[in-house]
Amino acid sequence: AFFWLVSLLLASLIWFVSVHLSDREDAKLQYGLLVFGAAISVLLQEAFRFAYFKLLKKADEGLATISEDGRSPISLRQMAYVSGLSFGIISGVFSVINILADSIGPGIVGIHGDSPYYFITSAFLTMALVLLHTFWGVIFFDACEKRRYWCLGLVVASHLLTSGLVSL
């Protein structure tokens, strides 16, 4: 989760600087910068996922060295699952915080023509993203371990696609 937070901080910083250096009156440019920020965020998340994989790989080697039987007490799949789940949970927490902020006012979502299913739809979308991050973590770690670069590309492309679809 820490690596996801650091990637989000860096992406936010890049977006913030790009917005302040641009023309704030140009709506198309601002929308483009928003899309740019989302893409940078995804790419940084995946870069930090790779850094976390490398860190865990080093830690796994160290654990294997000090263990009695020469094997690591935790498997790569378990580390991948926990990593993906932690990325997903922290991502979901950030999503839900914004939705909960909408729910406490001023006003209530759903009164003036908005969908009355806003909160349940948001909850299901957040749940789906947590599951996707978990799957992406498992596939990403397996692809790094077996050097399947097309799987890495698939993870990054599907993450970019999902972020783009959520932003519509």
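In this text the structure is predicted, and so the values were computed from the model without any measurement. (Residues numbered from 1 in each chain as written. Predicted model: local features only at pLDDT ≥ 70, side-chain atom pairs only at ≥ 80, totals over all residues. Heavy atoms only, no water.)

Brief notes about the packing of helix 4 (residues 118-146) against helix 5 (residues 149-166)
Between helix 4 and helix 5, the least distance of the axes is 9 Å, while the angle of their chain directions is 165°. Relative to helix 5, the element helix 4 lies roughly antiparallel. Both helix 4 and helix 5 take part in a crossing whose hand is left-handed. Mapping the contact onto sequence places Leu125, Leu129, Leu132, His133, Trp136, Ile139, Phe140, Ala143 and Cys144 in helix 4 and Cys151, Leu152, Val155, Ser158, His159, Thr162 and Val166 in helix 5. (Axes fitted to C-alpha atoms, helices over the stretch in contact; angles between N-to-C directions. Helix = DSSP H or I, 4+ residues; strand = E, 2+ residues; numbered from the N terminus. Parallel < 35°, antiparallel > 145°, perpendicular 65-115°, else oblique. Left-handed = near helix turned anticlockwise from the far one by under 90°. Contact = heavy atoms within 4.5 Å.)

Quick look at helix 3 (residues 76-103)
An ideal rise of 1.5 Å per residue puts 40 Å on 28 residues; helix 3 measures up with 40 Å between its terminal C-alpha atoms. If you check which residues of helix 3 are buried, you get Met79, Ala80, Ser83, Gly84, Phe87, Gly88, Ile90, Ser91, Gly92 and Ile99. Residues of helix 3 that are buried in the fold lie against helix 1 (2-21), helix 2 (27-66) and helix 4. At the exit of helix 3 stands Gly105, carrying a positive phi of roughly 110°. (Expected span 1.5 Å × (residues − 1). Buried < 20%, exposed > 50% of the residue type's maximum accessible area, 1.4 Å probe, protein only.)

Structural notes on the environment of Ala143
In this structure, Ala143 sits in helix 4. Along the chain, Ala143 and His159 lie 16 residues apart, while their C-alpha atoms are 15 Å from each other. Residues in contact with Ala143, not counting those within four places in the same chain, are Arg148, Cys151 and Leu152.

Brief notes about the packing of aromatic side chains
Inspection of the entire model under this criterion finds seven aromatic pairs. Geometrically, the ring pair formed by Phe3 and Tyr52 is tilted, given 4.9 Å between the ring centres and 50° between the ring planes. Separated by 49 residues along the polypeptide, Phe3 in helix 1 and Tyr52 in helix 2 bring together distant segments of the chain. Classification of Phe3 as buried rests on a relative accessible area of 19%. (Phe/Tyr/Trp six-rings, centres within 6.5 Å; stacked < 30°, edge-to-face > 60°.)

Quick look at the nonpolar core
Membership of the largest hydrophobic core is limited to twelve residues, which are Phe53, Leu56, Met79, Ala80, Trp136, Phe140, Phe141, Ala143, Cys144, Cys151, Leu152 and Val155. Within the residue set of this core, elements represented by two or more residues are helix 2, helix 3, helix 4 and helix 5. In terms of nonpolar packing, the next biggest core, distinct from the first, is built from eight residues, Ala11, Ile40, Leu44 and Phe48 among them. (Core = buried A, V, L, I, M, F, W, Y, C linked by side-chain atoms within 4.5 Å.)

Here we look at helix 2
Helix length check: helix 2, at 40 residues, gives a terminal C-alpha distance of 58 Å against a target of 58 Å (1.5 Å per residue), a fit within 8%. At the N-terminal boundary of helix 2, the capping side chain belongs to Asp26, with an oxygen 3.4 Å from the backbone nitrogen of Lys28. (Polar contact = N/O pair within 3.5 Å; in protein donor to acceptor, adjacent residues only side chain to side chain.)

Describing the pattern of salt bridges
Within the structure shown, the criterion is met by five salt bridges. A salt bridge links Glu145 to Lys57; the shortest N-O distance between them is 2.9 Å. Of this pair, Glu145 sits in helix 4 while Lys57 sits in helix 2; the two residues are 88 residues apart in sequence, bridging distant segments of the chain. Here Glu145 falls in the partly exposed class, since its relative accessible area comes to 34%. Where Arg148 meets Asp142, a salt bridge forms, and the shortest distance between an N and an O atom there is 3.7 Å. (Salt bridge = Lys/Arg side-chain N within 4 Å of Asp/Glu carboxyl O.)

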